[in-house]
Amino acid sequence: MADNRQPILRKDSASNALHPLAKLNRLHFWLLVALNIIFLLVGQAAAVILGRFYYEKGGKSKWMATVVQTAAFPILFIPYLFISSPQSNSEGSNRPSIITVSVVYFVIGVLVAGDNMLYSIGLLYLSASTYSLICATQLVFSAILSFFINHQKFTALIMNSVVVLSLSASLLAINDDSDKPAGVTKSKYVIGFLVTLAASAMYALLLSLMQLSFQKVLKKETFSVVLEMQIYTALVATAVSTIGLFASGEWKTLHGEMGGFTAGKIAYVMTLVWTAIAWQICSVGVVGLVFVVSSLFSNVISTLSLAITPIASVIILHDKMNGVKIIAMLMAIWGFGTYIYQNYIDDLKAKKTPSAIDDAPHESRSC
């Protein structure tokens, strides 16, 4: 594995000489990989479970649940300041204007805020395990949108993944014995299902737009540029979500919501704080794996997290796991597998073509 790893930074000899990880020995390298895997898996699962816990214990503000998904973005400045990307002499002349970059960040940031709002509504009406399984459909939308927007091939393996994941989501849609949260009617369950499906589609669109931005506007994809994209779009998304919180009037209910939180006021604050931190820990893990190993490996682990979260929610939140949901999860894992294998094949082909430009990472939700 070590011989095949491809950091996202360009592989020319000058870059390698400046690469911050070039001096790491094998043990330290794998410890860094393991740390980023833990960040991604734990961050993703913890964020979803805490988000569901917030609603179960009396939280009602969808806008607050949206704000916390990006509010802890300053955490990303830690790796940004300590790990810099190699600079080439030609970068200055190829750098896009500040106005162009600002427009890109603003548009994507607004879309991120809208997407986060859809996810918040979905998690309000669905259990954490059902929510995570439906989120897996983002791979379906990613494959379709990447075909039209990024001109990526639609192979037999990708088609298999699309069909299997679609069937998995369909099983959850018609599951009469669904583990709806307390007080959620069948109609609200359907709304939650459709909204989460829409959020997955929008997230896939965001990934394709980010990839297009790296290829056509930013024209490079170093660690620093990827982190800048994460930081500034999160800044915009947080600002938009905060405006929504005040414009909707939900901010007036937060004090009463805290008082009525069944786990206590301190637990209320800690739930929101750690939800925000968990989302950004997940983001650090995603970007870290892209930087240390490759975008393919980051995608593999991100995809794996979608299968782990339902299991974690069953253990921690005691979500109901009936026969239909088990079949849906097994089908989703099969869809993950074929999707990952296709990416592995594409990665092998890319390595045989040194001049090929790396694609932007197709991370899985929701970091």
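Residues numbered from 1 in each chain as written. Predicted model: local features only at pLDDT ≥ 70, side-chain atom pairs only at ≥ 80, totals over all residues. Heavy atoms only, no water.

The next thing to look at is the packing of helix α6 (residues 98–125) against helix α11 (residues 223–247). Between two packed helices, both the angle of their axes relative to each other and the distance between the axes serve to describe the pair. At a closest axis distance of 7 Å, the pairing of α6 and α11 adopts a crossing angle of 55 degrees. In this view, α6 runs oblique relative to α11, as classed from their interaxial angle. Handedness of the crossing formed by α6 with α11: right-handed. When α6 is examined against α11, the residues Y105, F106, I108, G109, V110, V112 and A113 are found in contact with a partner set consisting of E228, M229, Y232, T233, V236, A237, V240 and S241. (Axes fitted to C-alpha atoms, helices over the stretch in contact; angles between N-to-C directions. Helix = DSSP H or I, 4+ residues; strand = E, 2+ residues; numbered from the N terminus. Parallel < 35°, antiparallel > 145°, perpendicular 65-115°, else oblique. Left-handed = near helix turned anticlockwise from the far one by under 90°. Contact = heavy atoms within 4.5 Å.)

Before going further, it helps to spend a moment on the side chain of S241. With respect to the helices, strands and loops of the structure, S241 is situated in helix α11. Setting aside chain neighbours within four positions, we find S241 in contact with W63, T66, V67 and A113.

What follows is about the pattern of salt bridges. Counted by the stated rule, this structure contains one salt bridge. In this structure, R52 engages E56 in a salt bridge whose closest nitrogen and oxygen atoms are separated by 3.6 Å. Of this pair, R52 and E56 both sit in helix α2 (residues 26–56), four residues apart, which is roughly one turn of the helix. In this structure R52 comes out as buried when scored by relative accessible area, which is 4%. Here E56 falls in the partly exposed class, since its relative accessible area comes to 40%. (Salt bridge = Lys/Arg side-chain N within 4 Å of Asp/Glu carboxyl O. Buried < 20%, exposed > 50% of the residue type's maximum accessible area, 1.4 Å probe, protein only.)

Residues I99, V103, F106, V107 and V110 make up a contiguous nonpolar surface patch of about 460 Å² in total accessible area. Assignment of secondary structure puts V107 in helix α6. (Patch = residues over 30% accessible without salt bridge, like charges linked within 9 Å, V, L, I, M, F, W, Y side chains within 5 Å. Areas by Shrake-Rupley, 256 points an atom, 1.4 Å probe, with all protein chains shown as cover.)

Here we take up helix α10 (residues 186–218). Between its first and last C-alpha, α10 extends 46 Å over 33 residues, near the 48 Å set by a 1.5 Å rise per residue. The largest bend in α10 is about 25 degrees, located at L212. Just downstream of α10 lies K219, where phi reads positive at about 60 degrees. (Expected span 1.5 Å × (residues − 1). Bend = angle between axes of the 7 residues up to and from the residue.)

Here we take up the environment of S97. Among the secondary structure elements, S97 is positioned in the loop between α5 (91–94) and α6. On the basis of relative accessible area, S97 is assigned to the partly exposed category, the value being 41%. Sequence-wise, S97 and V217 are 120 residues apart; in three dimensions their C-alpha atoms are separated by 9.5 Å. Among the polar contacts listed, one links the side chain of S97 to the side chain of T100, at a separation of 2.8 Å. (Polar contact = N/O pair within 3.5 Å; in protein donor to acceptor, adjacent residues only side chain to side chain.)

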